[in-house]
Amino acid sequence: MARIRSIDGVAPQAVDGPWRLALTPPGAWAGPGDLSEAADWIPAPVPGTGAAALRDAGRWSEAAPTPIHDRDVWYRTRLIQGGSLRLRFEGLATLAEVWLDGVSVLVSHSMFEAHALEVNFRPGAEIVLCFRSLQAELDRPGKRGRWRPRMITPGSLRHVRTSLLGFMPGWCPEIDLVGPYRPVTVEPLRPGVTEADLRATYDGETGRLLARLRISGQPTSVTLRCDGRAVALAKSETGLFIGTLALPGVAPWWPHTHGTPHLHPVSVEVDGVTVDLGRTGFRTLSLARPFEEGLALAVNGVPIFCRGANWTPSDLVGLGAEDCAALVGLASEAGMNMLRVSGTTLYPAPGFYDLCDAAGILVWQDLMLANFDYPHDAAGFAATLAREVTGVLQQAQLAPSLAVICGGSEVWQQAAMLGAPRSVWADPFCAETLPGLVGETRPDLVVVPNSPSGGDLPFSPSAGCTHYYGVGAYRRPLEDARRAEVGFASECLAFANLPEPATLGRTSPADPLWDRGIPRDRGADWDFEQVRDHYVGLLYGVDPAAVRIDDPERYLELGRAAVAEVMEATFAEWRRARSPTAGGLVWFLRDLGPGTGWGVIDSTQAPKSGWYALKRAFRPVQVTLSDEGLGGLHLHVHNETAAGLDLRLGLTFADRTGKVAARAERDLTIGPRASLTLSSAEMLGRFFDATDSYRFGPRIHDVAHARLADAQGTVIAESFHFPGLRPVAPDAIGLQVAPVADAPVPTLRIATDHLALAVSVRSPEARPCDSGFHLAPGTERLVSFPGHHQVPQGVVGALNSREIVRFGHDA
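Residues numbered from 1 in each chain as written. Predicted model: local features only at pLDDT ≥ 70, side-chain atom pairs only at ≥ 80, totals over all residues. Heavy atoms only, no water.

Caption draft 1: Broad picture of the layout of surface pockets. In this structure, the second largest pocket spans a volume of roughly 1,000 Å³. Residue lining of the second largest pocket: 40 residues in total, with Leu478, Ala569, Phe720, His721 and Arg726 positioned closest to the centre. Residue assignment for the lining of the second largest pocket shows that the elements contributing at least two residues are α9 (480-483), α11 (528-540), α13 (552-574), α14 (609-617), β31 (621-627), β37 (715-721) and β41 (773-775). Considered class by class, the residues forming the lining of the second largest pocket number 19 nonpolar, 10 polar and 11 charged. (1 Å grid on protein atoms, 1.4 Å probe; cavity = no way out; pocket = protein on both sides within 12 Å on 5 of 7 lines; lining within 4 Å. Points joined across faces, edges and corners; volume = space filled by probe spheres on them. Helix = DSSP H or I, 4+ residues; strand = E, 2+ residues; numbered from the N terminus. Nonpolar A, V, L, I, M, F, W, Y, C, P; charged D, E, K, R; others polar.)

Caption draft 2: Structural context of helix α3 (residues 324-333). For α3, every residue scored as buried is listed here: Cys324, Leu327, Val328, Leu330 and Ala331. Considered in projection along α3, the buried side chains sweep an arc of 160 degrees and stay on one side of the axis. Elements that come into contact with the buried residues of α3 comprise β23 (306-311), β24 (338-341), α4 (350-359) and α14. Note on α3: the residue one or two positions beyond its end, Gly335, has a positive phi of about 85 degrees. (Buried < 20%, exposed > 50% of the residue type's maximum accessible area, 1.4 Å probe, protein only. Arc of directions from axis to C-beta. Contact = heavy atoms within 4.5 Å.)

Caption draft 3: The arrangement of the packing of aromatic side chains in detail. Taken as a whole and judged by the stated rule, the model has 31 aromatic pairs. With centroids separated by 5.9 Å and ring planes inclined at 85 degrees, the aromatic side chains of Phe495 and Tyr535 adopt a geometry described as edge-to-face. With Phe495 in the loop between β29 (489-492) and α10 (501-504) and Tyr535 in helix α11, this residue pair connects regions lying 40 residues apart in the sequence. Judged by its relative accessible area of 0%, Phe495 is buried. An aromatic cluster of at least three residues, connected via ring pairs, comprises Trp171, Trp526, Phe528, Trp587, Phe588 and Trp598. Just above the ring of Trp41 sits the side chain of Arg76; from NZ or CZ to the centre is 4.8 Å. (Phe/Tyr/Trp six-rings, centres within 6.5 Å; stacked < 30°, edge-to-face > 60°. Lys NZ or Arg CZ within 6 Å of the ring centre and 35° of its normal.)

Caption draft 4: Molecular detail of the packing of α3 against α4. Between α3 and α4, whose axes approach to 10 Å, the crossing angle comes to 30 degrees. Classified by the interaxial angle, the pair formed by α3 and α4 is roughly parallel. Here α3 and α4 pass one another in a crossing that is right-handed. Across from Cys324, Ala325, Val328 and Ser332 in α3, the residues of α4 making contact are Phe352, Leu355, Cys356 and Ala359. Looking at the contact of α3 with α4 residue by residue, the classes come out as 7 nonpolar, 1 polar and no charged. (Axes fitted to C-alpha atoms, helices over the stretch in contact; angles between N-to-C directions. Parallel < 35°, antiparallel > 145°, perpendicular 65-115°, else oblique. Left-handed = near helix turned anticlockwise from the far one by under 90°.)

Caption draft 5: Geometry of the sheet that holds strand β20 (residues 285-287). The strand order β20-β21-β22 describes an open sheet built from 3 strands, whose pairing is antiparallel. Each edge of the open sheet is held by one strand with a lone partner, namely β20 and β22 (302-304). In this sheet, adjacent strand axes meet at a mean angle of 40 degrees when their direction is disregarded. As paired strands, β20 and strand β21 (residues 297-299) are joined by 3 bridges and run antiparallel to one another. By the bridge assignment, Ser286 is partnered in β21 with Ala298. (Pairing = 2+ DSSP bridges.)

This is how it looks when you write it as structure tokens:
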């Protein structure tokens, strides 16, 4: 059912304690009658985890996590209020038992199911929760699967409905997730809405809100309201009211890159009592081509290039206290319009969908299934999974952001890579049962059987959706992003992404943070730092191992710059008008723990070089350059907005000092949600060896620079192409920095005489709007510090500059 946010402005109240926690050996206490006041009870946050409580008590450390799954974890508290109440448990991890005043009221074996109990009890009644040892359960003998993944251990996890976080050595901290990690709430039982099934549809002109409400008591008037309009619901049978509210001309919901994500409040009034059901948006969602040709989505009839990242919890220890808002905000600021919740992680809290609705970010939601041969033929498992799927969909009934439901991560790929035939890896649940379950609640969603899937083999790059690591883990040249003809990359571009110096500076030189948390696939003889180093050598012509020894700080700067270059180049290729790629989601938005993880945001929520690169690559109004060999350079101009634009496009070829070899400008008009492509020859009106392919003589340029400006001359986007190795040898380049007087927000003007590569703007006081960008010779860039009242203190440098320029507080 849809979530009831409040009744006459009163929301369900948290059972917030004070809660206490104790640990015992498995089975030491059978129930509340065995609880001992002499036990070591400590305060515990709820929602939260046992790890969070132990950490708060100084008995557990995220830096050196100790096991918790090998013990029973007990929680207890007393309720202040009494009477007839509805007690809700939104998430219990994992093997949970619940007692109320010593009476067993609930047993749950799934971390992913919410429970609601109607109970009658006295004031001061005691609630006791026990989370039985998961390790003891995993150690029980069980039927083995037809294949066993290396990445996740132990294999018995395939029988248990719990998160795989903490069970993936090499890329996830081994933190045991135990406890009431989602809210425990209580609300009075009274006549009113008990179930709300709602469905929002849109035909391009009229939105419709279909409602089926179960209402206790004998209501005489039930009215559905949305967007300032209302309709009376008709009584269909005792306690059931149905109806449809038509909304002609309602403002539709769009991904924020393509329009405004309009949302409209939804409520129902029952005999004068208002029940808040949240907000919804109206949009259409469809496939822009057959799935087998590569997943491609269209919203409101407009094809969307989906770009973003794979979501990870913002607090792997607390979970219940995770702050999704900051991360969703950073995703939106970076121009991301899709986030995927991978089957290796955890269903997000319902508030996550609210945030994505408001931010205009599409959500790809995997089921929490990954890599294993799951026992779909076992009746208990199948029933539990069906309830799980239905619960997820009902929680997000009104969420326009929810776009894709996927049957899990790398289940089909795992079996196929081990040589199993299609009859083994293409399980009927994902291919047949899942679409039916989704259709019952959210028929507007796109159902993907597994990620990856769609081709002769599930990991074929050009079909369906793929996990594309050709550029990245498999160290293919940048050109492979085109050669692979990727249809849709639901995972891509995994690197050991270095945090910024401000984060690294929080550790001692003897134990550098950048040398910790480096991901590695279990069983592989390489790690993702080596992947990053490969591209340092490829782009800059240096030996990263030697630089690491001789100049560790420069080694780090080269690594940050290389990741940014590769990400920008790959997405520039995929956004070409003639590219078959309809989307790409970088592997990990945020690191799961401290160190040099996959995330483009570190564990302190600070953006890394990859985040800034994606922010440049994902601009809705964009210019990119592509190397077409003997065909010269192609300039690709994109306008994803709803308005046509008058623009000025410039193209300059110069050496690193600024000596111009060729230059051209032209005015152009581009329609709404359109792209156009021009060749360098078309721009220049003559032959010029733009890509250094003909080589009739010495190359006379080091960089090609495309610049896109609006009708007022304000630069919107820039792109760079290097016909050879990037000239990164440090030199005097004439780097200049000055504050901009009377700017509405604190702003720096950064200029250079010569080519400046990977210009870094860093301040311990504030985050700049951009960093790691290139500056063409003789050009400048304005860099602001939103949310700050004055220009902060900091430094500006460049990868190829001997100069480091200080700024702020009179420098």
